[in-house]
Amino acid sequence: GLPYWLAFPIAGIVPALVALLFGTVGLKMRGAYFLFLTIALNEFILWVFRTPGTVFGGMLGLFPVPQPAMHIFGLNIDFTASLIPYYYLALILAVITCLVYFKLYSSRLGRVWESIGKSEDLMANTGISVYTQKQIAFAVSCFFAGLAGAIWAPYISIVTPSQFSLWQGITI
């Protein structure tokens, strides 16, 4: 029932919070254990989505997904008449994501993340909490994935649990 532009930032914040919640357990695991936990969490989330009577619509999913509406400088942009506005919306999000990425990459935080990628043990010995840094990176990436989903859902106009199967995740 929320307007699209109010729900848009929430679509990024909720996945970031869920990432922090699941990251408390998942980021401590390595190798095959991390893989098995990821598969189990995927199946759990699908089970929640498939449950009848939830806010997610059960097996039928969410239909119709509300379309965004824009009114800029007296110009009404209609997302239902053409798919071109979605292209520009996705392009704007991609540019903003790249700007944030480059800003993060050139910051102290980005240098810490790059160092963790090269040698976790060395960074842990310098006194930096590798676990906390991984949680921050996980939450930031899930934030932008949620925003991308907020553009994708109205574009396809229906979201069902079958679109998020394990095989779909492997394919992507």
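Values in this document were obtained by computation on a predicted structure and should not be read as measured data.

Thoughts on helix α1 (residues 4-26)
- Here α1 is 23 residues long and its end C-alpha atoms lie 32 Å apart, about the 33 Å a rise of 1.5 Å per residue gives.
- Among the residues making up α1, those that are buried are Tyr 4, Phe 8, Gly 12, Ala 16, Ala 19, Gly 23 and Gly 26.
- As for α1, its buried residues are in contact with α2 (32-50), α3 (84-105) and α6 (130-156).

Examining the environment of Leu 93
- Looking at where Leu 93 falls in the secondary structure, it is placed in helix α3.
- For the pair Leu 93 and Ala 40, spaced 53 residues apart in sequence, the C-alpha to C-alpha distance is 30 Å.

Notes on the packing of helix α4 (residues 108-118) against α6
- Across the interface, α4 lies against α6 with an axial gap of 10 Å and an inter-helix angle of 110°. Taken together, the axes of α4 and α6 lie roughly perpendicular to each other. Note on packing geometry: the crossing formed by α4 with α6 is left-handed. Contacts from Leu 109, Val 112, Trp 113 and Ile 116 of α4 reach α6 at Val 130, Gln 133, Lys 134, Ile 136 and Ala 137.
- The class makeup of the residues in the contact of α4 with α6 is 7 nonpolar, 1 polar and 1 charged.

A word on the nonpolar core
- Counting 11 residues, the largest nonpolar core consists of Tyr 4, Phe 8, Met 70, Phe 79, Tyr 86, Leu 89, Leu 93, Phe 144, Leu 147, Ala 150 and Ile 151.
- At the level of elements, α1, α3 and α6 are the ones that each hand at least two residues to this core.
- Not counting chain neighbours up to four residues away, the residues in contact with Phe 79 comprise Gln 67, Pro 68, Ala 69, Met 70, Pro 85, Tyr 86 and Leu 89.

Structural notes on α6
- Relative to the 39 Å expected for 27 residues at 1.5 Å per residue, α6 spans 38 Å between its end C-alpha atoms, a close match to the ideal helical length.
- Turning to α6, its buried residues number three or more, namely Val 130, Gln 133, Gln 135, Ala 139, Cys 142, Phe 144, Gly 146, Leu 147, Ala 150, Ile 151, Ala 153 and Pro 154.
- Elements in contact with the buried residues of α6: α1, α3, α4 and α5 (120-125).
- Following α6 by one or two positions, Ser 157 adopts a phi angle in the positive range, close to 70°.

Some words on the pairing of strand β1 (residues 69-72)
- Bridge count for β1 against strand β2 (residues 75-78) is 4 bridges, and the pairing is antiparallel. Paired with Ile 72 across the bridge in β2 is Leu 75.
- Between β1 and β2, which pair antiparallel and follow one another directly, the connecting turn spans 2 residues, one of which, Phe 73, has a positive phi of 50°.

Observations regarding the side chain of Gln 135
- Looking at the secondary structure, you find Gln 135 in helix α6.
- Judged by relative accessible area, which is 14%, Gln 135 ranks as buried.
- If sequence neighbours within four positions are ignored, Gln 135 has contacts with Leu 20, Gly 23, Thr 24 and Leu 27.

Things to note about the packing of α1 against α6
- Relative to each other, α1 and α6 sit at 145°, their axes nearing to 7 Å. Two packed elements cross with a definite hand, and for α1 against α6 that hand is right-handed. Of the residues in α6, those in contact with Tyr 4, Phe 8, Pro 9, Ala 11, Gly 12, Ile 13, Pro 15, Ala 16, Ala 19, Leu 20, Gly 23 and Thr 24 of α1 are Tyr 131, Gln 135, Phe 138, Ala 139, Cys 142, Phe 143, Gly 146, Leu 147, Ala 150, Ile 151 and Pro 154.
- Here the contact of α1 with α6 is composed, by residue class, of 18 nonpolar, 5 polar and no charged.

Procedures and definitions
Position labels on residues start from 1 in each chain and follow its written sequence. Since the coordinates come from a predicted model, pLDDT governs what is reported: local features require at least 70, and pairs of side-chain atoms require 80 or more to be given and counted, while whole-chain, interface and lining totals use all residues. Think of the side-chain values as coming from all heavy atoms in the structure, minus any hydrogens and water. Segments assigned H or I by DSSP are reported as helices when at least four residues long, segments assigned E as strands when at least two residues long, and all are numbered from the N terminus. Given a helix with a known number of residues, its expected span is that number minus one, times 1.5 Å. The buried label applies to any residue whose accessible area, calculated with a 1.4 Å probe on protein chains only, is under 20% of its type's maximum; exposed applies above 50%, and partly exposed to all values in between. For this analysis, residues touch if any pair of their heavy atoms sits within 4.5 Å. Comment: axis = line fitted to C-alpha atoms, over the contacting stretch for helices; angle = value between 0 and 180 degrees taken between N-to-C directions. Angles below 35 degrees are treated as roughly parallel, those above 145 as roughly antiparallel, those between 65 and 115 as roughly perpendicular, and all remaining angles as oblique. Throughout, a crossing is termed right-handed when the near helix is turned clockwise from the far one, and left-handed when it is turned anticlockwise from it by less than a right angle. In this classification, Asp, Glu, Lys and Arg are treated as charged, Ala, Val, Leu, Ile, Met, Phe, Trp, Tyr, Cys and Pro as nonpolar, and every other residue, Gly included, as polar. The set of buried Ala, Val, Leu, Ile, Met, Phe, Trp, Tyr and Cys residues whose side-chain atoms join them within 4.5 Å is what this entry labels a nonpolar core. For two strands to pair, DSSP has to find at least two bridges joining them.

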